[in-house]
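# Residue-level structural notes
Now for the letters of each chain:
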Amino acid sequence: SDGEAEGGAPAAAGEHGGAGGAHGHDNTYGQGGAAGWQGAALVDDDDEGEDGDTTAAQAQRGKDIQGIPWHRLNFSRQKYRETRLSSYKNYENLGATAACLDALAPQRAARRDGAFYSFARNTRHVKSTIVHFQLRNLVWATGPHDVYTLHRFAVKHYDCLARRSTVVLDLSGDTNGIGRVQVSTLCAKHGLLVAGGFGGEVVCRSIGGRCAAHRARVSSDDTAITNALEVYKAPTTAAPRVLACNNDKMLRHFDAETFSVVSSRQFGWAVNHASVSPDGRLACVVGDDPVALLLDARTNDTVARLEGHLDYGFATAWHPDGWLFATGNQDTTCRIWDRRYLGAGSLGLFRGRIGAARALRFSPDGRFLAVAEPADFVHLIDISSPDFGRCQEIDLFGEVAGVAFAASEPAKGGGAGDLLYVGVADRTYGSLLEFQRARRDHLSSPALLAL
């Protein structure tokens, strides 16, 4: 399938099953359909712009941030949320996660009353496509106005100022030299845009360049899905490196200039995600195993085994200070670790609402950690709160394609980490949600309300 997710807004019941980890060639991503919308108008004529977007001012007047016309449906938003919470089935590979988690890791519930980011805009023409239901790293921001998303076979750049979306990487098979690529993952960092494919492809180009600089299939294995990509700076080289995580159980480091393999390591399980510390010395790796690993990024040797999760891992992220890092798992939890105190286990455990922790991102200033579930919820954990026990919960309907932070421009008075983007994949209400860091001096800013 190469379209938007069908479930979520409303009618998705949960994630489809696969053959374990990301190595089942199941490219479905949410079940259900538009049944919940039958007979309902698809726009709110009373408060709808020509482009179908929702602004902060409209939301303050009561319009749904996604433009869902609840007053024309046969159920309220609250009733539909209750239905989703009770019926959504989280996908697990090892089973009985919820019961085991309740027994092994009783934790007080996090306070979800934070109001750290304010809704700014919902842009309906920026659509996201999810090819594999377990892989949700498909939204990236390289600056306050530059967001990269995947729609069908094209990577698109969205200019948030001009409100214009353009194709920057066409992988439909006509121009890229390696045939059609079903994009499974993205990464945009350090001046590079890299896309991974369902057939083990990796396509790399410079941001701003006109064509792909490197194109390759990293493996001939039939199930070598490129599950995740990372672009990082090694301490001994000037050129960036690309880290590829594949379903053939391999972790490969590429030199971005020559695209030659610098080093690699084979594991006993599919590698689902990895990220490298800001100093380029350590890599956190998760895959089809409950135990996460901390590796020496230069030698790929294991530095530490990180135990505590109960299912397969699909997300990692490093705090900008280089000490803290996080892991996300299908057991519905995110764990926060400190590389200086690994013997004590994880410092904190955050449990989601309905599904796996599919994507993780720290804000550029390190104050917040975004935890994206596969559908309906994105949580913003306040890293400064005791035991990481306070968060803001962004409640939406639809499959979450990815999340990305971006630092605002200093001239506009913001600090680092001022913007947050959430990609929603849904046939009717697919969009890009924008949020702005809420500060005392501009919580009711006229400029924000005019967006």
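Scroll up for the structure.
Conventions used here
- Residue positions within a chain follow its written sequence, with the count starting from 1.
- Side-chain atom pairs in this predicted model are given and counted only at pLDDT of 80 or more, local residue features only at pLDDT of at least 70, and totals for whole chains, interfaces and linings cover all residues.
- Only heavy atoms go into the side-chain values, all of them from the structure, while hydrogens and water stay out.
- The numbering of helices and of strands both runs from the N terminus, where a helix is a DSSP run of H or I of at least 4 residues and a strand a run of E of at least 2.
- Partly exposed residues are those whose accessible area sits between 20% and 50% of the maximum for their type, while under 20% is buried and over 50% is exposed, using a 1.4 Å probe and protein chains only.
- In what follows, a contact means two residues having at least one pair of non-hydrogen atoms within 4.5 Å.
- DSSP calls a pair of strands paired once it identifies at least 2 bridges connecting them.
- By nonpolar core is meant a set of buried Ala, Val, Leu, Ile, Met, Phe, Trp, Tyr and Cys residues that side-chain atoms within 4.5 Å join together.
- For this document, the term salt bridge refers to a Lys or Arg side-chain nitrogen within 4 Å of an Asp or Glu carboxyl oxygen.
- As defined here, a cavity is a set of points on a 1 Å grid over the protein atoms alone where a 1.4 Å probe fits but cannot get out. A pocket is an open set with protein on both sides within 12 Å along at least five of seven lines, and residues line them when an atom is within 4 Å of a point.
- Grid points are joined across faces, edges and corners, and a volume is the space filled by probe spheres set on the points.
- We call Asp, Glu, Lys and Arg charged. Ala, Val, Leu, Ile, Met, Phe, Trp, Tyr, Cys and Pro are nonpolar, and the rest, Gly among them, are polar.
- Between the rings of Phe, Tyr and Trp (Trp by its six-membered ring), a pair exists once the centres lie within 6.5 Å; its type follows the angle of the planes, with under 30 degrees stacked, over 60 edge-to-face, and the other angles tilted.
- Put simply, a charge is over a ring when the Lys NZ or the Arg CZ is close to the ring centre, within 6 Å, and near the line of the ring normal, within 35 degrees.
- A fitted line through C-alpha atoms serves as each axis, taken over the contacting stretch for helices, and the angle formed by two N-to-C directions is quoted from 0 to 180°.

### Some thoughts on the overall build of the protein
Within the protein, the regular secondary structure consists of four helices and 28 strands. Across the 451 residues that make up the protein, the buried fraction comes to 61%. Partitioning the contacts of the protein with sequence separation of at least 6, the portion at a separation of at least 24 is 56%.

### Section: the pairing of strand 8 (residues 192-197)
In terms of burial, strand 8 is largely enclosed, as six of its six residues are buried. Along strand 8, one buried face is formed by Leu192, Val194 and Gly196 and the opposite face, lined by Leu193, Ala195 and Gly197, is buried too. Of the strand pairs in this sheet, strand 7 (residues 183-189) and strand 8 are connected by six bridges, and their pairing is antiparallel. From the neighbouring strand, Lys189 faces strand 8, where its bridge partner is Leu192. What sits between strand 7 and strand 8 in their antiparallel hairpin is a turn of two residues, with His190 showing a positive phi close to 50°. The pairing of strand 8 with strand 9 (residues 201-206) spans five bridges and is classified as antiparallel. What sits directly across from Gly196, in strand 9, is Val202. Linking strand 8 to strand 9, which pair antiparallel, is a turn of three residues; within it Gly200 sits at a positive phi near 85°.

### Side note on the nonpolar core
Counting residues in each nonpolar core, the largest one holds 30 residues, and the members touching the most others are Leu186, Val194 and Val242. Secondary-structure elements contributing two or more residues to this core are strand 4 (146-151), strand 7, strand 8, strand 9, strand 11 (226-232) and strand 12 (241-246). Residue contacts for Leu186: discarding those within four places in its chain leaves Asn137, Leu138, Trp140, Thr149, Leu150, Val155, Val194, Ala195 and Leu229.

### Considering the pattern of salt bridges
Any two side chains of opposite charge can pair if their charged atoms end up close together. On inspection of all chains with the given rule, the structure shows 20 salt bridges. The partner of Arg121 in a salt bridge is Asp53, with the nearest N and O atoms 3.2 Å apart. One end of the pair, Arg121, is in strand 2 (residues 117-123); the other, Asp53, is in the segment before strand 1 (54-55), and 68 residues separate them in sequence. Arg136 is the salt-bridge partner of Glu399, the closest N and O atoms lying 2.8 Å from each other. Of the two residues, Glu399 sits in strand 26 (residues 391-406) while Arg136 sits in the loop between strand 2 and strand 3 (139-143), which places them 263 residues apart along the sequence. This pair shows no difference in class: Glu399 is buried, exactly as Arg136 is.

### What about the layout of surface pockets?
Approximately 810 Å³ is the volume attributed to the largest pocket. In this structure, the largest pocket is lined by 37 residues; those nearest its centre are Trp140, Lys189, Trp318, Arg361 and Phe362. Counting only elements with at least two residues in the lining of the largest pocket, the list comes to strand 3, strand 7, strand 11, strand 15 (271-276), strand 19 (313-318), strand 23 (359-362) and strand 26. For the lining of the largest pocket, the element with the most residues is strand 11, which contributes five residues. Across the lining of the largest pocket, the residue classes break down as 22 nonpolar, 11 polar and four charged.

### What about the packing of aromatic side chains?
Applying the stated criterion across every chain, the model contains 14 aromatic pairs. With a centroid separation of 5.8 Å and 55° between ring planes, the pair formed by Tyr117 and Phe405 is classed as tilted. Highlighted residues: Tyr117 in strand 2 and Phe405 in strand 26, separated in sequence by 288 residues. Of the two residues, Tyr117 and Phe405, neither departs from the other in class, the shared state being buried. Following the ring pairs from residue to residue traces out a cluster consisting of Trp70, Phe75, Tyr80 and Phe397. The ring of Phe153 has Arg180 lying over it, and the distance from NZ or CZ to the ring centre is 4.3 Å.

### Considerations on the sheet that holds strand 5 (residues 154-159)
Here we have four strands laid out as an open sheet, ordered 3-4-5-6, and antiparallel in their pairing. On the outer flanks of this sheet lie strand 3 and strand 6 (164-170), each paired with one strand and no other. Going across the sheet, the axis of each strand differs from the next one's by a mean of 30°, ignoring polarity. In this sheet, strand 5 lies alongside strand 4 in antiparallel orientation, the contact comprising six bridges. Residue pairing across strands places Asp146 opposite Asp159, the latter belonging to strand 5.

### Overview of the sheet that holds strand 9
Spatially, the four strands line up as an open sheet ordered 7-8-9-10, and their pairing is antiparallel. Because the sheet does not close on itself, it has two edges, and the strands there are strand 7 and strand 10 (214-217). Averaged over all pairs of adjacent strands, the angle between strand axes in this sheet comes to 10°, irrespective of strand direction.

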